[in-house]
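An overview of the molecular structure
Below are the chains, spelled out letter by letter.
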2 protein chains.
Amino acid sequence: MRMTAVIMAGGKGERFWPKSRTACPKQFLSLTTDGETMIQKTVRRLTPLVKPEDIFIVTNTAYLSHVSEQLPEIPAENVIAEPCPRNTAPCIGMAAGIIRKKYDDAVMLVLPSDHLIHAEDMYRDTLRKAALAAEQGMNLVTLGITPTYPETGYGYIKYVSGSGRNGVYQVERFVEKPDVETARDYLRSGCYLWNSGMFIWKASSILANIAQFMPELSDGLVPIVEAYGTPHFGEVLEQQFSTLPSESIDYGIMEKAEHIFTIPGSFGWDDVGSWLALERINHTDHEGNMISGDVVSIDTKNCTISGGTRLIAALGVEDIVIVDTQDALLVCDKNSTQDIKKILAELRSKERTELL
Amino acid sequence: MRMTAVIMAGGKGERFWPKSRTACPKQFLSLTTDGETMIQKTVRRLTPLVKPEDIFIVTNTAYLSHVSEQLPEIPAENVIAEPCPRNTAPCIGMAAGIIRKKYDDAVMLVLPSDHLIHAEDMYRDTLRKAALAAEQGMNLVTLGITPTYPETGYGYIKYVSGSGRNGVYQVERFVEKPDVETARDYLRSGCYLWNSGMFIWKASSILANIAQFMPELSDGLVPIVEAYGTPHFGEVLEQQFSTLPSESIDYGIMEKAEHIFTIPGSFGWDDVGSWLALERINHTDHEGNMISGDVVSIDTKNCTISGGTRLIAALGVEDIVIVDTQDALLVCDKNSTQDIKKILAELRSKERTELL
């Protein structure tokens, strides 16, 4: 069966403000020192497995130019632009419908556009295994990440102990982000995985699940999929997409469906969820600082400093994130990186839209 | 007797980097919200007491244009430009020689150019009293500031208990910056004042003391003073000034001379010695933040934020100083503001002179 990939690239990446902006969110930025953007990495690590003409990008109309500039190898008809954000279920459902229409059926690798993978060979091996499982009839397959510490920022997948067949486990349930005590219990129990947001299934399988658990979405997708490939597609998408229910695939399908399987992976996955990730994924100096740009740091420890064109002098500070751009500067305690949305809310309330 | 003032304006103001630069140090900046520069304030608060034509500015050749722009009321021949820094003794000695030549003798108010005074009427009253004491024959008079807390960043003046006559006290000795325990003892004893660096004496008195305690300086000044008022002055100054001993007036004269008097003042003096001073001299918000410029602060306490043209977003930080300029940004712990010189040393070693 044909293997396709659907890359979800409509996110706003607000936790990477001020580098990430409404006009150019995280997936289109380079957060590593190699200059490659997050979405370029996502596509490059896939192409040994999936041909560019079988890779679909679902993004927002505002980001079409970024996609065509950064990913010229992806055919234009594979780039689908949502006129408004509707969370992951409509995005995935629409892509599944289009793939079903185009290829009758195919395996879909559903992947975020803004995560990092360190061991790419292992990652592709795991995807291959998952694709085989999906092809052989397993309803819904998700990649779980073997946890290495009690992270409280991720959702978890509990699998049925002893259910493993060739490295594929039955999912017992999905669980929300835990507190640190619960996360420690999960780590100890050995039956919990991090929910990576990577899914593998046949287009026909996910569409059947959507029909069962999200009938409104299922119905709403019909005219859009019908219009795909015709001159009216853009117009129909513009009219119809906003009427679809805004829902995540996790809540809409995964927490309700049965016969879900997970494949544990340990290929060095990082969701790059906040500025704190930079010190995990990049080199830190002997004082624990992650520094890029023109920086002088003195008596400074465990800071993340991402400079622009001007000099940044850090003196006597610890556990601080400093991010400088042409028109906005962030100075943030490491414990507050999840609150960047408060700044954006403040800027919105002051109608400083040029800074969002 | 004529009353003159000598304003010392050759300092580099390094502790206010990055706003203060080699090319435009602290005394030529506005650090308050009223837009007036420090040296403009110094002159304005003096003019009810001393006519502009009797005010002398001793500065560095590099700052002549700042002086003429900011203080057009001061006659050009009163602005004396040192070709190189030689600390306060040569500066004051040269001014005293010039005043002696010009007016035979006069009272000199010797004043820093970069301090703040809150109660200006009281300040002028104290200067008047000091000038009278100097005129009546007291050798050297210094203004002491009644301490209000155990500051460790200032030198102190110990006066002889019970020696007061009309508010003028005999100085017992000058003491170096104390540790905090010693500073507490000083505060309790009631016989210690902060050394403000403001001196009042007759030109003839200070010259006599220089002749006695710094004969090399005294001799070196002769050709410079001789040339003052002639077309050769600039040339002679350029040749001679660098040969003068680099010494402070405190160490060279005040710690050695006898018959020194002090007048305690409590007119709200602030030496504006570091970025920390800004929260003393300007308005702070209800979270204790001193904020100027385009700033969004959230969960931020006791920070000093001095912005430029771009937005600064401060999130979850405490006791931090953030100073932004076009080409350099400082993020500094409040306990490290005295170490800004370390940054400047680093920039010098990297030959980043454009940032100094």
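Analysis parameters
Residues numbered from 1 in each chain as written. Chains lettered and ligands numbered in written order. Predicted model: local features only at pLDDT ≥ 70, side-chain atom pairs only at ≥ 80, totals over all residues. Least-squares fit on C-alpha atoms with pLDDT ≥ 70 in both. Contact = placed C-beta atoms within 7 Å. Domains from an automatic or database assignment. Nonpolar A, V, L, I, M, F, W, Y, C, P; charged D, E, K, R; others polar. Bend = angle between axes of the 7 residues up to and from the residue. Helix = DSSP H or I, 4+ residues; strand = E, 2+ residues; numbered from the N terminus. Buried ≥ 20, exposed ≤ 12 C-beta atoms within 10 Å, placed from the backbone. Pairing = 2+ DSSP bridges. Axes fitted to C-alpha atoms, helices over the stretch in contact; angles between N-to-C directions. pLDDT = per-residue confidence, 0-100. Core = buried A, V, L, I, M, F, W, Y, C linked by C-beta atoms within 7 Å. Parallel < 35°, antiparallel > 145°, perpendicular 65-115°, else oblique. Left-handed = near helix turned anticlockwise from the far one by under 90°.

Moving on: the relation of the copies chain B and chain A. When chain B is brought onto chain A, the operation consists of a screw motion whose angular component is 180° and whose axial shift is 0.1 Å, with 0.1 Å RMSD remaining. Between the two chains, the operation in question is that of a two-fold axis. Within chain B, the C-alpha atom positioned nearest to the axis of rotation is that of B:Val331, 4.1 Å from it. Here 100% of the contact residues of chain B are again contact residues in chain A; the copies associate through an equivalent surface.

Accessible area lost upon the coming together of the parts serves often as the stated size of an interface. All names here are of chain A. When the domains of chain A are assigned, the result is domain 1 (3-270) and domain 2 (277-355). The interface is formed by ten residues belonging to domain 1 together with 16 residues belonging to domain 2. A per-class count over the side of domain 1 that touches domain 2 returns four nonpolar, two polar and four charged.

Right, let's get into helix H7 (residues 215-227) of chain B. Residue and element names in this part refer to chain B. The principal kink in H7, of about 30°, is found at leucine 221, preceding the proline proline 223 by one to four residues. Among the residues making up H7, those that are buried are Leu217, Leu221, Ile224 and Val225. Contacts from the buried residues of H7 go to helix H3 (88-103), helix H6 (203-213) and helix H8 (233-240).

Read from one edge of the open sheet, six strands run S12(A)-S14(A)-S16(A)-S17(A)-S15(B)-S13(B), paired in mixed fashion. Where the open sheet ends on each side, the last strands, each with one partner, are strand S12 (290-292) of chain A together with strand S13 (295-298) of chain B. Within this sheet the neighbouring strands show an average axis-to-axis angle of 5°, counted without direction. In this sheet, strand S15 (residues 311-315) of chain B lies alongside S13(B) in parallel orientation, the contact comprising four bridges.

Taken together, the contact between chain B and chain A spans 30 residues of the former and 30 residues of the latter. The leading source of residues in the side of chain B that touches chain A is strand S17 (residues 328-333) of chain B, at six residues. When its residues are assigned to classes, the side of chain B that touches chain A shows 19 nonpolar, three polar and eight charged. Here strand S15 (residues 311-315) of chain A runs beside S17(B); their pairing, made up of five bridges, is parallel. Note on S17(B): the bridge partner recorded for A:Ala313 is B:Leu330.

Take the confidence of the model for chain A next. Averaged over every residue, the pLDDT of chain A is 95; the share at 70 or more is 100%. Overall fold confidence (pTM) sits at 0.88, and the ipTM for the predicted complex is 0.87.

Turning to the pairing of strand S8 (residues 169-175) of chain B, a few remarks are in order. All names here are of chain B. Pairing between strand S7 (residues 156-159) and S8: four bridges, direction antiparallel. Bridge pairing in S8 links isoleucine 157 to phenylalanine 174. For S8 and strand S10 (residues 260-265), the ladder comprises two bridges, and the chain directions are antiparallel. Across the sheet, residue glutamine 170 finds its bridge partner in S10, namely phenylalanine 261.

Residues and elements named next belong to chain A. Here the amide bond leading from tryptophan 17 into proline 18 is cis, since omega sits at 5°, within 30 degrees of zero. Looking at the secondary structure, you find proline 18 in the loop between strand S1 (3-9) and helix H1 (38-46). Phi at aspartate 319 takes a positive value of approximately 55°, unusual for a residue other than glycine. Positionally, aspartate 319 belongs in the loop between S15 and strand S16 (320-324). When the 13 C-beta atoms within 10 Å are taken as the criterion, aspartate 319 is described as partly exposed.

Right, let's talk about the environment of B:Trp17 for a bit. Residues and elements named next belong to chain B. Its location among the elements puts tryptophan 17 in the loop between strand S1 (3-9) and helix H1 (38-46). The spacing of tryptophan 17 and isoleucine 99 is 82 residues in sequence and 34 Å in space, taken between C-alpha atoms. The residues touching tryptophan 17, leaving out its near neighbours within four places in the chain, are Leu330, Ile340, Ile343 and Leu344.

Among the nonpolar cores identified, the biggest contains 223 residues, and A:Ile7, A:Ala95, A:Val141, A:Val331, B:Ile7, B:Ala95 and B:Val331 are the most heavily contacted of them. Setting aside chain neighbours within four positions, we find A:Val141 in contact with A:Ala130, A:Ala133, A:Ala134, A:Phe199, A:Ile200, A:Trp201, A:Phe261 and A:Ile263.

Residues and elements named next belong to chain B. Their axes nearest at 10 Å, the elements H3 and H7 cross at an angle of 50°. Relative to H7, the element H3 lies oblique. Judged by the twist between their axes, the crossing of H3 over H7 is right-handed. Two secondary-structure elements touch here, H3 through Ala89, Pro90, Gly93, Met94, Gly97, Ile98 and Lys101 and H7 through Leu217, Leu221, Ile224 and Val225. Of the residues that constitute the contact of H3 with H7, the class distribution is eight nonpolar, two polar and one charged.

Consecutive side chains of a regular strand alternate in pointing toward one face of the sheet and then the other. All names here are of chain B. The buried fraction of S17 amounts to six of the six residues, a majority that puts the element mostly inside the structure. Judged by which residues are buried, S17 turns out to be covered on both faces: Ala328, Leu330 and Cys332 on one side and Leu329, Val331 and Asp333 on the other are all buried. Of the pairings in the sheet, the one linking strand S16 (residues 320-324) to S17 comprises five bridges and is antiparallel in character. Its bridge partner lying in S17, valine 321 is registered against cysteine 332. Hairpin connection between S16 and S17: a loop of three residues separates the two successive antiparallel strands.

Taken together, six strands build an open sheet; the order of strands is S13(A)-S15(A)-S17(B)-S16(B)-S14(B)-S12(B) and the sheet is mixed. The open sheet terminates on both sides in strands that have one partner only, identified here as strand S13 (295-298) of chain A together with strand S12 (290-292) of chain B. Ignoring strand direction, the axes of neighbouring strands in this sheet form an average angle of 5°. Where strand S14 (residues 304-306) of chain B meets S16(B), three bridges bridge the pair, whose relative direction is parallel. Residue B:Ser306 lies in a different strand from S16(B), and its bridge partner there is B:Val323.

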